[in-house]
Amino acid sequence: AQSVTQLGSHVSVSEGALVLLRCNYSSSVPPYLFWYVQYPNQGLQLLLKYTTGATLVKGINGFEAEFKKSETSFHLTKPSAHMSDAAEYFCAVTFTGGGNKLTFGTGTQLKVEL
Amino acid sequence: KAGVTQTPRYLIKTRGQQVTLSCSPISGHRSVSWYQQTPGQGLQFLFEYFSETQRNKGNFPGRFSGRQFSNSRSEMNVSTLELGDSALYLCASSLVGTAEETQYFGPGTRLLVL
């Protein structure tokens, strides 16, 4: 069975600082990994995903993530935080043959301070 | 293209009642998945429908059911509501529901059970 662990339920950064949100996965087969963002009272929006190929994945709004098989990690980064990045971020996993049933992490609430 | 729409956006029900939620996928998308989001359990997969057939199911009691119509619109039903069913119910659609596809989420239906 797959699982996802997001370290840090709350992360606070200053505007302009580096954003690093951590995600570690557990999967017995090659995973497909996703990062979603959720703004208050809204659904989830895909930031980026890793399926196959290049392990450094670039997404929307300046976010990127690197798939590291040896570390079973898929951390999300953004070089410079903006106030509009304040939201909840979810890492999710599925795998070939698993259909599109996503297993989500518990989420990380990102706060951006002036 | 219009996004995923969910109706109603908010619902208040009492214990023991039943409720039906509706989801209209993005035009051309044939796979519809449902997720429950609660503060305690996070985001959990309920089920997925493709071509009017339930293709995948999460670990929820039989009180939770769904269906899909020929136009890919989907409904989920919860019978004999319990207080613990209070949650945000999210619907997501994708073209054919393969693991590597992006799922597009609707804004959700927030259900409060009193």
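Along each chain, the written sequence defines residue order, and numbers are assigned to residues from 1. Chain A is the first chain written and ligand 1 is the first ligand written, with later ones labelled in order. Given that the model is predicted, a residue must reach a pLDDT of at least 70 before its local features are reported, and side-chain atom pairs must reach 80 or more before they are shown or counted; all residues, however, enter totals for whole chains, interfaces and linings. Computation of side-chain values: all heavy atoms of the structure, hydrogens and water removed.

S.K.: I'd like to hear about the overall build of chain A, residue by residue, with values.
M.R.: In terms of helices and strands, chain A carries 0 helices and 12 strands. Put simply, chain A runs from its N terminus to its C terminus through helices and strands in the order β-β-β-β-β-β-β-β-β-β-β-β. Taken over C-alpha atoms, the radius of gyration is set against a globule rule of 2.2 Å times the number of residues to the power 0.38. Its C-alpha atoms give chain A a radius of gyration of 13 Å, near enough to 13 Å, the size a compact globule of 114 residues would have. C-alpha extents for chain A along the principal axes are approximately 45 × 30 × 20 Å. Long-range contacts, defined here as pairs at least 24 residues apart, represent 56% of the contacts in chain A between residues at least 6 apart. Total accessible area computed for chain A in this model is approximately 5,400 Å², and 53% of it derives from carbon and sulfur atoms. Across chain A, the 8 positively charged side chains and the 7 negatively charged ones have centroids separated by 8 Å. We count a stretch as a helix when DSSP gives it H or I for four or more residues in a row; a strand needs E for two or more, and each element gets its number in order from the N terminus. In what follows, residue pairs with any heavy atoms lying within 4.5 Å of each other are defined as contacts. For the accessible areas, the method is Shrake-Rupley and the probe is 1.4 Å, while residue cover comes only from the protein chains on display. Under the convention used here, Asp and Glu are negative, Lys and Arg are positive, and both His and the chain ends fall outside the count. Every charge is mapped onto a representative atom, which is NZ of Lys, CZ of Arg, CG of Asp or CD of Glu.

S.K.: Outline the overall build of chain B, supporting the account with residue identities and numerical values.
M.R.: Summing up its helical and strand segments, chain B has 0 helices and 11 strands in all. Each helix and strand of chain B, placed in order from N terminus to C terminus, yields the pattern β-β-β-β-β-β-β-β-β-β-β. Here the C-alpha radius of gyration of chain B, 13 Å, is about what a compact globule of 114 residues would show, namely 13 Å. With the C-alpha coordinates of chain B rotated into their principal frame, the extents come out at 35 × 25 × 25 Å. For chain B, with 114 residues in total, the buried portion stands at 51%. Within chain B, contacts between residues at least 6 apart in sequence are counted, and of these 55% link residues at least 24 apart. Working note: accessible area of chain B is about 5,200 Å², and carbon and sulfur atoms make up 51% of it. Between the centroid of the 11 positive side chains of chain B and the centroid of its 7 negative side chains there is a distance of 7 Å. To sort residues, take the accessible area from a 1.4 Å probe on protein chains only and compare it with the maximum for the residue type: under 20% means buried, over 50% means exposed, and anything in between is partly exposed.

S.K.: Tell me what's going on with the interface of chain B and chain A, and back it up with residues and numbers.
M.R.: Taken together, the contact between chain B and chain A spans 23 residues of the former and 21 residues of the latter. Here's the idea: put two parts together, see how much 1.4 Å probe accessible area each one loses, and the total over both is what we call buried area. Here chain B and chain A share an interface that buries about 1,700 Å² over both sides, 51% of which is from carbon and sulfur atoms. Interface area lost by chain B to chain A is led by L43, A99 and F105 of chain B, which between them contribute 31%. What counts as a salt bridge is simple: a side-chain nitrogen of Lys or Arg found within 4 Å of a carboxyl oxygen of Asp or Glu. Counting every contact that joins chain B to chain A gives 0 salt bridges. Contacts described as polar in this section are N or O atom pairs within 3.5 Å, which, within protein, must combine one atom able to donate a hydrogen with one able to accept it, while residues neighboring in sequence count only if both atoms come from side chains. Linking chain B to chain A there are 9 residue pairs in polar contact (both at pLDDT 80 or more). Of all the secondary-structure elements, those providing two or more residues to the side of chain B that touches chain A are β4 (31-38), β5 (42-50), β6 (53-57) and β9 (87-94) of chain B. Sorting elements by how many residues they give to the side of chain B that touches chain A places β4 of chain B first, with 4 residues. Looking at the side of chain B that touches chain A residue by residue, the classes come out as 8 nonpolar, 10 polar and 5 charged. For this scheme, ten residues count as nonpolar: Ala, Val, Leu, Ile, Met, Phe, Trp, Tyr, Cys and Pro. Four count as charged, namely Asp, Glu, Lys and Arg, and the remainder, Gly too, count as polar.

S.K.: Any chance you could break down the state of the cysteines for me, citing the residues and the numbers?
M.R.: Residue and element names in this part refer to chain A. Defined by distance alone, a disulfide is two cysteine sulfur atoms within 2.5 Å. Summed over the entire model, instances satisfying the criterion amount to 2 disulfides over all chains. Residue pairing for C23: its cysteine sulfur links by disulfide to C91, the two sulfurs lying 2.0 Å apart. Looking along the S-S bond of the C23-C91 disulfide, the torsion reads about -60°, which is the left-handed sense. In this pair, C23 is assigned in the loop between β3 (19-21) and β4 (24-26) and C91 in strand β10 (residues 87-95), connecting sequence segments 68 residues apart.

S.K.: So what's going on with the side chain of T102 of chain B? Residues and values would help.
M.R.: Of note, T102 of chain B is situated in the loop between β9 and β10 (104-105). A polar side-chain atom of T102 of chain B sits 3.0 Å from a polar atom in the side chain of K49 of chain A. In contact with T102 of chain B, other than residues within four places in its own chain, are L46 and K49 of chain A together with S93 and S94 of chain B.

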